[in-house]
Amino acid sequence: MQKHYLVMAMRKPGFSDAVVQPHRDFLAGLRGQGKLLLTGGFADGTGGAYILQHVESLDEAKALVARDPLVLQDASTLTVHEWNTH
């Protein structure tokens, strides 16, 4: 069974919209590598989530997420969960 990793991204106070395009570009890179399954923002504007696939371990997922501009620019708190999907 393929593992999936759920990445929750919650905006921090003072979130800047300037990070949105670099974050989207990062996600496009993951999609191009076949590692991004789904992504989207929450309707209430508090953040969003994405699902990683074809990642070997939780540690690898966390290492990928550490390169997200949302993390690098300290715009959001990102948490990564190994997700048992059905």
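The rules we used
- Residues numbered from 1 in each chain as written.
- Predicted model: local features only at pLDDT ≥ 70, side-chain atom pairs only at ≥ 80, totals over all residues.
- Heavy atoms only, no water.
- Helix = DSSP H or I, 4+ residues; strand = E, 2+ residues; numbered from the N terminus.
- Rg over C-alpha atoms; globule rule 2.2 N^0.38 Å.
- Buried < 20%, exposed > 50% of the residue type's maximum accessible area, 1.4 Å probe, protein only.
- Contact = heavy atoms within 4.5 Å.
- Areas by Shrake-Rupley, 256 points an atom, 1.4 Å probe, with all protein chains shown as cover.
- Lys, Arg positive; Asp, Glu negative; His and termini not counted.
- Charge placed at Lys NZ, Arg CZ, Asp CG, Glu CD.
- Core = buried A, V, L, I, M, F, W, Y, C linked by side-chain atoms within 4.5 Å.
- Arc of directions from axis to C-beta.
- Pairing = 2+ DSSP bridges.
- Axes fitted to C-alpha atoms, helices over the stretch in contact; angles between N-to-C directions.
- Phe/Tyr/Trp six-rings, centres within 6.5 Å; stacked < 30°, edge-to-face > 60°.
- Lys NZ or Arg CZ within 6 Å of the ring centre and 35° of its normal.

> Just checking my understanding: could you explain the overall build of the protein for this structure?
Helix and strand counts for the protein come out as three helices and four strands. Compactness check: the protein gives a C-alpha radius of gyration of 12 Å against a globular reference of 12 Å for 86 residues, within 12% of the reference. Counting the 86 residues in the protein, one finds 37% classified as buried. Long-range pairs, those at least 24 residues apart, make up 65% of the contacts in the protein with a sequence separation of at least 6. Roughly 5,200 Å² of accessible area belongs to the protein as shown, and the carbon and sulfur atoms make up 55% of that amount. The average position of the 8 basic charges and that of the 9 acidic charges among the side chains of the protein differ by 2 Å.

> Honestly, the nonpolar core in this entry has me stumped. Any pointers?
Burial of nonpolar side chains together is a common tendency in soluble globular proteins. Ranked by size, the top nonpolar core spans 20 residues in total, and within it Val 7, Leu 30, Tyr 50, Leu 52, Val 65, Leu 70 and Leu 78 carry the most contacts. Those elements giving two or more residues to this core turn out to be β1 (4–11), α1 (20–32), β3 (47–53), α2 (58–65) and β4 (76–83). Residue contributions to this core peak at four residues, all from α1. Setting aside residues up to four positions removed in sequence, Leu 78 forms contacts with Val 7, Met 8, Ala 9, Tyr 50, Val 65, Asp 68, Leu 70 and Val 71.

> Is there a simple way to explain α2 in this structure?
Every buried residue of α2 is accounted for by Ala 61, Leu 64 and Val 65. Along the axis of α2, the buried positions cluster into a sector of 95°, meaning they face one direction only. For α2, the secondary structure elements touched by its buried residues are β1, α1, β3, α3 (69–72) and β4.

> For this particular structure, what's the right way to read the sheet that holds strand β2 (residues 36–41)?
Whenever strands of a sheet pair, they do so through backbone hydrogen bonds, lying parallel or antiparallel. Strand order in the open sheet formed by four strands is β2-β3-β1-β4, with antiparallel pairing between adjacent strands. Edge positions in the open sheet fall to β2 and β4, since each of these has one partner strand only. Direction aside, neighbouring strands of the sheet carry axes that sit 15° apart on average. Across eight bridges, the pairing between β1 and β4 is antiparallel. If you follow Val 7 over to β4, its bridge partner there is Val 80. Strands in contact with α1 are β2 and β3; relative to β2, the strand with the most contacts, it is inclined by about 160°.

> Mind showing me how you'd approach the packing of aromatic side chains here?
Aromatic rings in a pair are described by how distant their centres are and how their planes are angled relative to each other. Throughout the structure, instances matching the rule amount to zero aromatic pairs. Between Arg 11 and the ring centre of Phe 15, over which it is positioned, the NZ or CZ distance is 3.9 Å.

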